[in-house]
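In case you want the letters, here they are:
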Amino acid sequence: AAAAAAAASPVLCHRAGAVVLEAGERVGVAEVGILATVGAALLPVHRRPRLAVLSTGDEVVAPETQTLSPGQIRDCNRSMLLAAAAGAGAEVTDLGIARDVDGHLEGCLDKALAAGVDVLVTSGAVSMGDRDLLKPLLERKGQVHFGRVLMKPGKPLTFATLQVEGSSRKLLVFGLPGNPVSSFVCFNLVVVPALRKMSGWAQPQLRRVQVTTSSALKLDPERPEYHRVVLAYGRMPSSCGAAAGQLGWYACSTGNQISSRLLSARSANALLELPRAEGVVEAGSTVSALLIDDLGFMPQAEGDVPATDGFVA
């Protein structure tokens, strides 16, 4: 939006003809105020992506189910993914639970197409079992671009596109694994950047930082791993080895990383990128991390972070 004033304002300091907001910039709180100062009450923006979430499996029951029968599990993935998608800026639609019957699953897929959503996120039914029916269905109705990924967690991650009848538009389908942590990690790694791109972000990728590990981390010799951690900034604890006492970013593991243990995602604000290798990453090592949450919610570090010399609040 270009400034509308004929001359620079002594208060706002907008030069005539200056660009105050570039295409592709996120319209946040301050940006709304800037637009108001130049009289830009209406402007074209990217619409929010429309996303539907579908759980799968005869063993999956609604979260409000009070008594579980043998073999049943409450559907935590759908609630989690709906919340994650809304947090990423999408308009969400809940498609419920698809049963392990080909016709029912196909009906749910047709419902997503009829709803006009841009993205369908499913959980489960993408492994190699007899009742994992999603991949064959996607191959029959569209194009599967990949169905296995060398990563931990999330090996069965699947991505497909389906042509929307009577339109040039395609439905993006992300088939996430059924294990809750795998769904959580895969959503952040692949769905969030896609939603950002559809929302007009100029740089939709997750932000990468380097941090110090506060504990030894076992490596996987077969797959690179995304290890859930809580990042904090402050004086590093004694567990950071030689870096202890220094000011900086450090990572605290969320514990046992098994893909069925959703507690390992609680409070996690980053994913450490651990290479495929034998051995361990020692405490005090520098590793890369992908940010998956607002660092404004990170825990307060032990001890005060000093203010700039001479600054008095």
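Now for a quick tour of the structure.

Each value, and the rule that gives it
- Residues numbered from 1 in each chain as written.
- Predicted model: local features only at pLDDT ≥ 70, side-chain atom pairs only at ≥ 80, totals over all residues.
- Heavy atoms only, no water.
- Salt bridge = Lys/Arg side-chain N within 4 Å of Asp/Glu carboxyl O.
- Buried < 20%, exposed > 50% of the residue type's maximum accessible area, 1.4 Å probe, protein only.
- Patch = residues over 30% accessible without salt bridge, like charges linked within 9 Å, V, L, I, M, F, W, Y side chains within 5 Å.
- Areas by Shrake-Rupley, 256 points an atom, 1.4 Å probe, with all protein chains shown as cover.
- Helix = DSSP H or I, 4+ residues; strand = E, 2+ residues; numbered from the N terminus.
- Pairing = 2+ DSSP bridges.
- Phe/Tyr/Trp six-rings, centres within 6.5 Å; stacked < 30°, edge-to-face > 60°.

## Some details on the pattern of salt bridges
- If you walk through the whole model with that rule in mind, you get nine salt bridges.
- A salt bridge links Asp-75 to Arg-78; the nearest nitrogen and oxygen atoms lie 2.7 Å apart. Accessibility assignment for this pair places Asp-75 and Arg-78 in one class, buried.
- The partner of Arg-169 in a salt bridge is Asp-118, and the shortest N-O contact between them spans 3.8 Å.

## Here we look at a nonpolar patch on the surface
- Judged by side-chain polarity, Val-27, Val-32, Leu-43 and Val-45 come together as a nonpolar surface patch covering roughly 330 Å² of accessible area.
- Along the chain, the position of Leu-43 falls in the loop between helix H1 (29-37) and strand E1 (50-56).

## Here's the deal with unusual backbone geometry
- For the bond from Lys-152 to Pro-153, the omega torsion is -5°, close enough to zero to count as cis.
- With respect to the element layout, Pro-153 can be found in the loop between strand E6 (143-146) and strand E7 (158-163).
- In this structure, Ala-125 is a non-glycine residue whose phi angle is positive, near 65°.
- For Ser-267, which is not a glycine, the phi torsion comes out positive at approximately 65°.
- Its place among the elements puts Ser-267 in the loop between strand E12 (247-253) and strand E13 (270-274).
- Ser-267 gets classed as exposed once you look at its relative accessible area, which sits at 53%.

## Overview of the pairing of strand E8 (residues 170-176)
- For E8, the tally of buried residues reaches five of seven residues, placing the bulk of the element in the interior.
- One ladder, built from five bridges, connects strand E5 (residues 119-123) with E8; its direction is parallel. Counted as the bridge partner of Thr-122 is Gly-175 from E8.
- Bridge count for E7 against E8 is six bridges, and the pairing is antiparallel. By the bridge assignment, Thr-161 is partnered in E8 with Leu-172.
- Linking two consecutive strands that pair antiparallel, namely E7 and E8, is a turn of six residues; a positive phi of about 75° is found at Gly-166 within it.

## A look at the packing of aromatic side chains
- For the structure shown, the criterion picks out three aromatic pairs.
- Where Phe-159 meets Phe-174, the ring centres are 5.0 Å apart and the plane angle is 35°; that geometry is what we call tilted. Within this pair, whereas Phe-159 is found in strand E7, its partner Phe-174 is found in strand E8, the two being separated by 15 residues in sequence.
- Arranged with centres 5.2 Å apart and planes meeting at 65°, the rings of Tyr-233 and Trp-249 form a pair that is edge-to-face. With a gap of 16 residues between them, Tyr-233 in strand E11 (residues 225-235) and Trp-249 in strand E12 connect regions that are remote in the sequence.
- Using a relative accessible area of 28% as the deciding quantity, one classes Tyr-233 as partly exposed.
- For Trp-249, a relative accessible area of 31% translates into the label partly exposed.
- Through a chain of ring-to-ring contacts, the aromatic side chains of Phe-146, Phe-159 and Phe-174 assemble into a single cluster.

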